Amino acid sequence: MLTQLFLLADEVTVNLPGDLAVSGQPSAYEITLLLTIFLLAVFVGFEIITKVPPTLHTPLMSGSNAISGITLVGALLVVEMGSGWFAQTLGFLAVVLATINAVGGFLVTHRMLEMFRKKKG
Amino acid sequence: MTETQLNIVYMVVAVLFIVGLKGLTHPKTAVRGNIFGSFAMLIAVVVTLLVGGMNYWLIAVGLLIGGIIGAIFAVKIQMTAMPQLVALFNGFGGAASFLVAGASLLTSTKAELTVANLVATALSGLIGAVTFSGSLVAFGKLQELKFVKDVRFNNQQLINSGLSVGAVLFGVLMVLMPEYAGLFYILMVLLSLALGVLLVIFIGGADMPVVISLLNSYSGLAASAAGFVLGNTVLIVAGSLVGASGIILTRIMCVAMNRSLTNVLFGKMQASGESASADEVYANVKSTSPEEVAMLLEVCERVLIVPGYGMAVAQAQHAIRDLTNELKSRGVKVEFGIHPVAGRMPGHMNVLLAEADIPYDLLREADEVNSEMEQIDMAIVLGANDVVNPLARTDPNSPIAGMPIIDVDKAKTVIVIKRSLSPGFAGIPNPLFAADNAQMLYGDGKQAVVEITKALQEG
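The shown structure was predicted, so the numbers you read here are calculated from the model rather than taken from an experiment.

Points about the overall build of chain B
Step number 1: Helices and strands together make up the secondary structure of chain B, namely 18 helices and six strands.
Step number 2: If one aligns the C-alpha atoms of chain B with their principal axes, the spans along those axes are about 80 × 50 × 35 Å.
Step number 3: Within chain B, the proportion of its 459 residues that are buried is 58%.
Step number 4: Here the contacts in chain B between residues at least 6 apart in sequence split such that 80% fall between residues at least 24 apart.

Focus on the layout of surface pockets
Unfilled space is identified by rolling a water-sized probe across the atoms.
Step number 1: For the second largest pocket, the calculated volume is near 520 Å³.
Step number 2: Around the second largest pocket, the lining is made up of 28 residues, and of these Pro54 of chain A together with Ile338, Pro340, Glu365 and Ala366 of chain B lie nearest the centre.
Step number 3: Its residues assigned to classes, the lining of the second largest pocket shows 16 nonpolar, eight polar and four charged.

Focus on helix α5 (residues 115-142) of chain B
All names here are of chain B.
Step number 1: The end-to-end C-alpha distance of α5 is 40 Å, a good match for the 40 Å that 28 residues give at a rise of 1.5 Å each.
Step number 2: By the criterion of burial, α5 is predominantly enclosed, with 20 of the 28 residues buried.
Step number 3: Within two residues after α5, Glu144 carries a phi angle of roughly 60°, on the positive side.

Looking at the confidence of the model for chain A
Caution applies to low-pLDDT parts of the model: their predicted coordinates are not meant to be read in detail.
Residue and element names in this part refer to chain A.
Step number 1: Taken residue by residue, chain A gives an average pLDDT of 80. The fraction at 70 or more is 74%.
Step number 2: Mean pLDDT across the elements of chain A ranges from a minimum in helix α2 (residues 8-11), with 38, to a maximum in helix α5 (residues 71-78), with 94.
Step number 3: Low confidence marks residues 1-23, where pLDDT is under 50. Its contacts with residues over four positions away, or in another chain, come to 58 contacts.

Here's the deal with the pairing of strand β5 (residues 413-418) of chain B
All names here are of chain B.
Step number 1: With six of six residues buried, β5 lies mostly within the body of the structure.
Step number 2: The alternating pattern of β5 places Thr413, Ile415 and Ile417 on one face and Val414, Val416 and Lys418 on the opposite face, and all of these are buried.
Step number 3: Here strand β4 (residues 378-382) pairs with β5 via five bridges, running parallel. In the sheet register, Met378 faces β5, and the bridge partner there is Thr413.
Step number 4: Sheet topology note: the β5/strand β6 (residues 438-442) ladder contains five bridges and is parallel. What sits directly across from Ile415, in β6, is Gln439.

Rules used throughout
- Residues numbered from 1 in each chain as written.
- Chains lettered and ligands numbered in written order.
- Predicted model: local features only at pLDDT ≥ 70, side-chain atom pairs only at ≥ 80, totals over all residues.
- Heavy atoms only, no water.
- Helix = DSSP H or I, 4+ residues; strand = E, 2+ residues; numbered from the N terminus.
- Buried < 20%, exposed > 50% of the residue type's maximum accessible area, 1.4 Å probe, protein only.
- Contact = heavy atoms within 4.5 Å.
- 1 Å grid on protein atoms, 1.4 Å probe; cavity = no way out; pocket = protein on both sides within 12 Å on 5 of 7 lines; lining within 4 Å.
- Points joined across faces, edges and corners; volume = space filled by probe spheres on them.
- Nonpolar A, V, L, I, M, F, W, Y, C, P; charged D, E, K, R; others polar.
- Expected span 1.5 Å × (residues − 1).
- pLDDT = per-residue confidence, 0-100.
- Pairing = 2+ DSSP bridges.

Here you go:
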């Protein structure tokens, strides 16, 4: 099975579900679009996060950390039926780790923010 | 579900993430913001599952295991241990990214392995692996595990450069020889894992706020790169938001220490030139007792409390709340001066004080309190050292020269609660401790504050 790793191209085929090009080959045009989205999102991020007060920096960090658990979506997409056991194992581990990241991150952020909310001066 | 429908839902998810983050700009809207974020994640997961063709049993088991572990961590963790937890979660996110990129590489056909796809895969693997191992080491350091403490060996920079070059080289080889991409990917990930360990293992505790912020940023960038691998917009947007957030926090932390990022990552604190030895500086240190502090407090109108990592270690935040309430009931105005790098992660002190029910509007930033320092009757320094060291202002040769500090030495009286005169992270003596208006109260932070409060109530 490990030969898959080294000579993956010919032996492994992907079963793409439906009309979805899940890990398709983006054209140059599509890549430019994706890069545009990336850069715009970075700017939006800068604009919003600069306004977060120092008091909330720890919740910001754990909350944004939870958002980076979005890799979970990627992990789900690679646990495809019909792909080899090795790919599925990697995907499974990714699902577990990303879920810990997302679920734990949002919950602990909620716990923290509740402590901030109940105060009034 | 067609690709178009899926992408429309992803667009809504991206907007919800942005709105959620925007909520975090104020304590009143922050809870809602976080809930928006978690809903966005839920929606993204559900619509992705609707795509179909996946091994649902495997996914269900993975979600269940991950969800339970994550929830247990989130509920059980003590607030003082937040930096460790964030480091650990960061690491998991990074690992997930390099695993996803690896699995995608395995399942791709030759035609799908375009240059762009391979570049994104390489970036995802490299950043993800560095994030994973670096975060685990940061976790170990914050948890004060012995084997990652004070590790030193020679040629650190040389080894790091070698590993970086090697990892990048394998990444380039992936693109040049796609038929062996899997092999090169594994080698690159291994080198990156080693690099992550070595990058973080030399970094001292007080620099942890910078390291955690940076790793936070990396975990986002790794997710973004995985998004490019899969051509998935929601990964790209969410990842870049996190990347931006981490970079901003990193910059704030570096500015607060007056150090550059390269200096934190690769440099040591430069040895101070001809600064005075501890014995000379501490010739005239006066010590005091909780009872004396209580007597002094009885005539104070404005009190400033400056907490540091020592407060977290001593778990003194609840004791501080009781003291604050006692003082408030006597009509004393109590405020907190929070230095950006006090503690082990950005905002660490704020979370601990919030846990102890101290209203957030009493917490003020360094430059705010500095402008009114002359009107402060008593400044109580609790487990902080370098962030109140006046040498930063007065001695241009000091390793902390130019670092913004909280000028407690300008208050009428300063009480420093500390176990001993041992130096802080910068390794230099603090002339504040021997200043005419300063007195040392030796002991455990929590115990000392409890005794002051008791003496006040009895007195």
